[in-house]
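# Descriptive analysis of the structure
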Amino acid sequence: MADFVLFRCASMRVIVDFPAAEGRGPLGFARPRAVLAAHRPEQVAPVLDAAQQAAAQGAWVVGMVAYEAAAAFDKALQVRPAMADLPLAVFAVYDEPSALTEIGGDFNCGSWVMEIDRRRFDADLAALQADILAGRFYQTNHTSRLRADFSGDAEALFRSLQTAQPGGYGFYMEDAAWQVLSVSPELFFDWRGDGVL
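The text that follows walks through the structure, step by step, so that each part is easy to find.

### Focus: the overall build of the protein chain
Of the regular secondary structure elements, the protein chain holds three helices and 14 strands. Projected onto its principal axes, the C-alpha coordinates of the protein chain cover approximately 50 × 40 × 35 Å. The proportion of buried residues among the 197 residues of the protein chain is 32%. In the protein chain, the share of contacts with a sequence separation of at least 24, taken over all contacts with a separation of at least 6, comes to 69%. One finds the centroid of the 16 positive side-chain charges in the protein chain at a distance of 3 Å from the centroid of its 25 negative side-chain charges.

### Remarks on the pairing of strand 6 (residues 89-94)
Burial within strand 6 is extensive, with six of its six residues counted as buried. By the alternation rule, side chains of strand 6 split into Ala89, Phe91 and Val93 and Val90, Ala92 and Tyr94, which are all buried. In this structure, strand 4 (residues 34-38) lies alongside strand 6, joined through five bridges in antiparallel fashion. Residue pairing for strand 6: valine 35 is matched across the bridge by alanine 92. Here six bridges tie strand 5 (residues 60-65) to strand 6, and the two strands are oriented antiparallel to one another. Counterpart to glycine 63 in the pairing with strand 6 is phenylalanine 91.

### Observations concerning the environment of alanine 59
Considering the arrangement of structural elements, one finds alanine 59 in the loop between helix 1 (41-56) and strand 5. The spacing of alanine 59 and proline 97 is 38 residues in sequence and 10 Å in space, taken between C-alpha atoms.

### Structural notes on the nonpolar core
Core analysis: the largest hydrophobic core is formed by 18 residues, its most contacted members being Met12, Val14, Val90, Phe171 and Met173. For this core, the elements supplying multiple residues, two or more each, are strand 2 (13-17), strand 4, strand 5, strand 6 and strand 11 (169-174). Filtering out sequence-adjacent residues up to four positions away, phenylalanine 171 remains in contact with Val14, Ile15, Val16, Val62, Gly63, Met64, Phe158, Val180, Leu181 and Ser182. Residues Ala38, Ala59, Leu88 and Val93 belong to the second largest nonpolar core, which totals 13 residues.

### Here we look at a nonpolar patch on the surface
The grouping of Tyr67, Phe188, Phe189 and Val196 at the surface amounts to a nonpolar patch, some 570 Å² of accessible area in total. With respect to the helices and strands, phenylalanine 189 occurs in the loop between strand 12 (179-184) and strand 13 (191-192).

### With respect to unusual backbone geometry
Its identity as a non-glycine residue notwithstanding, arginine 31 has a phi of 55°, on the positive side. Counting through the fold element by element, arginine 31 comes out in the loop between strand 3 (27-29) and strand 4.

### Some details on the sheet that holds strand 11
Across the sheet, four strands lie side by side as 3-2-11-12; this open sheet has antiparallel pairing. Whereas interior strands pair on both sides, the edge strands pair on one side only; in this sheet they are strand 3 and strand 12. When the angles between neighbouring strand axes are averaged without regard to direction, this sheet yields 5°. Here strand 2 runs beside strand 3; their pairing, made up of three bridges, is antiparallel. Within the sheet, the bridge partner assigned to isoleucine 15 lies in strand 3 and is glycine 28. Across the face of the sheet, helix 3 (residues 154-164) comes into contact with strand 2, strand 11 and strand 12 while running at roughly 5° to strand 12.

The rules behind each value
Residues numbered from 1 in each chain as written. Predicted model: local features only at pLDDT ≥ 70, side-chain atom pairs only at ≥ 80, totals over all residues. Heavy atoms only, no water. Helix = DSSP H or I, 4+ residues; strand = E, 2+ residues; numbered from the N terminus. Buried < 20%, exposed > 50% of the residue type's maximum accessible area, 1.4 Å probe, protein only. Contact = heavy atoms within 4.5 Å. Lys, Arg positive; Asp, Glu negative; His and termini not counted. Charge placed at Lys NZ, Arg CZ, Asp CG, Glu CD. Pairing = 2+ DSSP bridges. Core = buried A, V, L, I, M, F, W, Y, C linked by side-chain atoms within 4.5 Å. Patch = residues over 30% accessible without salt bridge, like charges linked within 9 Å, V, L, I, M, F, W, Y side chains within 5 Å. Areas by Shrake-Rupley, 256 points an atom, 1.4 Å probe, with all protein chains shown as cover. Salt bridge = Lys/Arg side-chain N within 4 Å of Asp/Glu carboxyl O. Axes fitted to C-alpha atoms, helices over the stretch in contact; angles between N-to-C directions.

Such coordinate-based values are descriptive only and should not be taken to indicate function.
As structure tokens, this is what we get:
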């Protein structure tokens with residue numbers, strides 16, 4: 001028996017959007033035949049293997065791996081605990097894309113507040129600069145969580161973010177307990193034929 005959660009979820013919706021310049025537009029997905037989810041680091045690799053197997057058999061497989069899953073790939077990597085209810089990795093398996101629907105919902109988003117204060121940010125930045133100067137590494141990403149009160153339709157927020165930042169790569173995934181919204185200006189990876197870009 002696989003050591004991860006395999007379940008059916010009639011409500012999971014996904015939108016994947018590529019820039020129009022690439023000749024591809026948004027694809028919607030609804031009503032997955034199965035959802036593969038890892039909630040512990042040791043479940044991540046089996047979920048990725050199962051997702052790969054489903055894709056090799058012709059399914060559309062759409063999902064994500066959380067930053068907090070890093071320990072699944074290298075136990076030396078330290079991460080904070082994952083956010084409540086969000087899997088470390090989750091992939092939905094679909095037979096085909098579905099039509100995108102018009103969004104009629106509304107949302108309200110309060111002011112964003114950084115999780116760490118300015119003094120901590122400045123100290124972190126100084127330490128990173130010292131490490132770069134010392135040759136310990138040449139590049140790093142310093143991130144911090146931002147929090148805001150939110151109410152309303154998360155997909156409407158996603159579409160609003162896409163409008164404000166056009167030309168990027170969009171991803172929206174929604175389950176009953178969580179939503180993931182990403183409007184990245186950069187492509188993380190794309191699989192075309194036998195190559196990964």
